[in-house]
Amino acid sequence: MNLIFLGPPGAGKGTQAKRLAARYGIPHLSTGDILRKAAADGTPLGKQAQALMDAGKLVPDEIVNGIIDEALTSPEAAKGFLLDGFPRTVPQATALDEILQRRGRKIDHVILLQVPLKVLLDRLAGRQVCPKCQTSYGRNSPPKKPGICDKDGEKLEVRPDDQPERVQQRLQEYESKTALLTGYYKARGVVRPVDGVGSVDEVEKRIEKALS
Ligand code: AMP
């Protein structure tokens, strides 16, 4: 099963992608998580990406294309993969096509998580993330102990790009570049629109249904 999660920031891609990847036993490849880890580790790639990420701007296509090309060579990705936050531009989608073609593979489903702007803004304003395992918590899905990750006890953080003015920038990037991908994949009949409003469990059930 080769899957893409598409949707604006705050749609719940990361949360749902983690669950789905665990259920199917396939890797969850999030370019955002990979870039944040590289930035935290202070690698040259991370240093290059950090300022753009903090400003809510997209990092150059060549960088993320390279990350995904490499990630798809891992043995864990042999039986399937779930892409979260990639592709985000039409040139990235074209690069992904080439990468997959080289390996004789294709995308089976594009899950399009649909959430109204008001709900997105509300979710992003209340979001806290574990810096270690990247689990995300919100007003409707709080941690058991305030400010502490349920999974590993780490202190939760607010992402710098979840500040209101950065959120506006990210939503603009989504509207002007990423939203075009719906049409790109629709032409192939692989887009599965899913209502992303509701509890994590409710949305998960809808995704399951959309894939069955
Ligand atoms: P995310 O965790 O998916 O919201 O991504 C956080 C940030 O990482 C984005 O705002 C971008 O700066 C960067 N990023 C992640 N994925 C991509 C991508 N496919 N193309 C360009 N920039 C990306």
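The preceding data block contains the structure.
Conventions used here
Residues numbered from 1 in each chain as written. Predicted model: local features only at pLDDT ≥ 70, side-chain atom pairs only at ≥ 80, totals over all residues. Heavy atoms only, no water. Axes fitted to C-alpha atoms, helices over the stretch in contact; angles between N-to-C directions. Helix = DSSP H or I, 4+ residues; strand = E, 2+ residues; numbered from the N terminus. Parallel < 35°, antiparallel > 145°, perpendicular 65-115°, else oblique. Contact = heavy atoms within 4.5 Å. 1 Å grid on protein atoms, 1.4 Å probe; cavity = no way out; pocket = protein on both sides within 12 Å on 5 of 7 lines; lining within 4 Å. Points joined across faces, edges and corners; volume = space filled by probe spheres on them. Nonpolar A, V, L, I, M, F, W, Y, C, P; charged D, E, K, R; others polar. Core = buried A, V, L, I, M, F, W, Y, C linked by side-chain atoms within 4.5 Å. Buried < 20%, exposed > 50% of the residue type's maximum accessible area, 1.4 Å probe, protein only. Expected span 1.5 Å × (residues − 1). Near = heavy atom within 4 Å. Polar contact = N/O pair within 3.5 Å; in protein donor to acceptor, adjacent residues only side chain to side chain. Areas by Shrake-Rupley, 256 points an atom, 1.4 Å probe, with all protein chains shown as cover. Pairing = 2+ DSSP bridges.

*Asks:* It is not clear to me how the packing of helix α2 (residues 31-41) against helix α4 (residues 61-71) should be interpreted in this structure. Could you clarify?
*Replies:* Helix packing for two helices is described by the angle between their axes and how far apart those axes are. At a closest axis distance of 11 Å, the pairing of α2 and α4 adopts a crossing angle of 100°. The angle between the axes of α2 and α4 places the two elements in the roughly perpendicular class. Residues T31, I34 and L35 of α2 pack against I63, V64, I67 and I68 of α4.

*Asks:* Can you help me understand the environment of P142 in this one?
*Replies:* Mapping P142 onto the fold places it in the loop between β6 (136-137) and α7 (164-178). In this structure the C-alpha to C-alpha distance between P142 and I67, which are 75 residues apart in sequence, comes to 31 Å.

*Asks:* Help me out: how do you make sense of the layout of surface pockets in this one?
*Replies:* Summary: where empty space remains is shown by rolling a probe the size of a single water molecule over the atoms. The calculated volume of the second largest pocket comes to roughly 430 Å³. Residue lining of the second largest pocket: 20 residues in total, with R36, A40, Q134, E157 and R159 positioned closest to the centre. Looking at the lining of the second largest pocket, the elements with two or more residues in it are α2 and α3 (44-54). Ranked by the residues each element gives to the lining of the second largest pocket, the list is headed by α2, at six residues. Here the residues of the lining of the second largest pocket are counted per class, giving nine nonpolar, two polar and nine charged.

*Asks:* Explanation requested: the nonpolar core in the structure shown.
*Replies:* General note: in soluble globular proteins, nonpolar side chains tend to be found buried as a group. Formed by 29 residues in total, the largest nonpolar core has its most connected members in L35, L72, L83, L96, V110 and Y185. Sorting the residues of this core by element identifies β1 (2-6), α3, α4, β3 (81-84), α5 (90-102), β4 (109-114) and α8 (180-186) as the ones contributing at least two each. Of the residues forming this core, the biggest block, five residues, is contributed by α4. With 19 residues, the next largest nonpolar core counts A11, L20, V115 and V203 among its residues.

*Asks:* Is there a simple way to think about α7 in this case?
*Replies:* Turn by turn, an α-helix covers 3.6 residues, leaving residues three or four places apart pointing in a common direction. The terminal C-alpha atoms of α7 lie 20 Å apart, and with 15 residues this matches the ideal 21 Å at 1.5 Å per residue to within 8%. Here the buried face of α7 lies against β1, β4, α6 (117-125) and α8.

*Asks:* Would you mind showing me how to read the site of the ligand here?
*Replies:* In the region of the ligand, 16 residues are neighbours, and T31, R36, K57, G85 and Q92 sit closest. Between R88 and the ligand, the recorded distance is 2.9 Å, taken from a side-chain N or O atom to a nitrogen atom. Within the side chain of R159, a nitrogen or oxygen atom sits 3.0 Å from an oxygen atom of the ligand. Here the ligand, which alone exposes 480 Å², has 96% of that area covered by the protein.

*Asks:* Would you mind showing me how to read the pairing of β1 here?
*Replies:* Working note: regular strand, side chains alternate between the two faces of the sheet. Most of β1 is tucked away, with five of its five residues classed as buried. Pairing analysis gives four bridges linking β1 to β3, with the strands arranged parallel. Looking at β3, one finds that I4 is bridged to L83. Note that β1 and β4 share four bridges and pair parallel. Paired with L6 across the bridge in β4 is L112.

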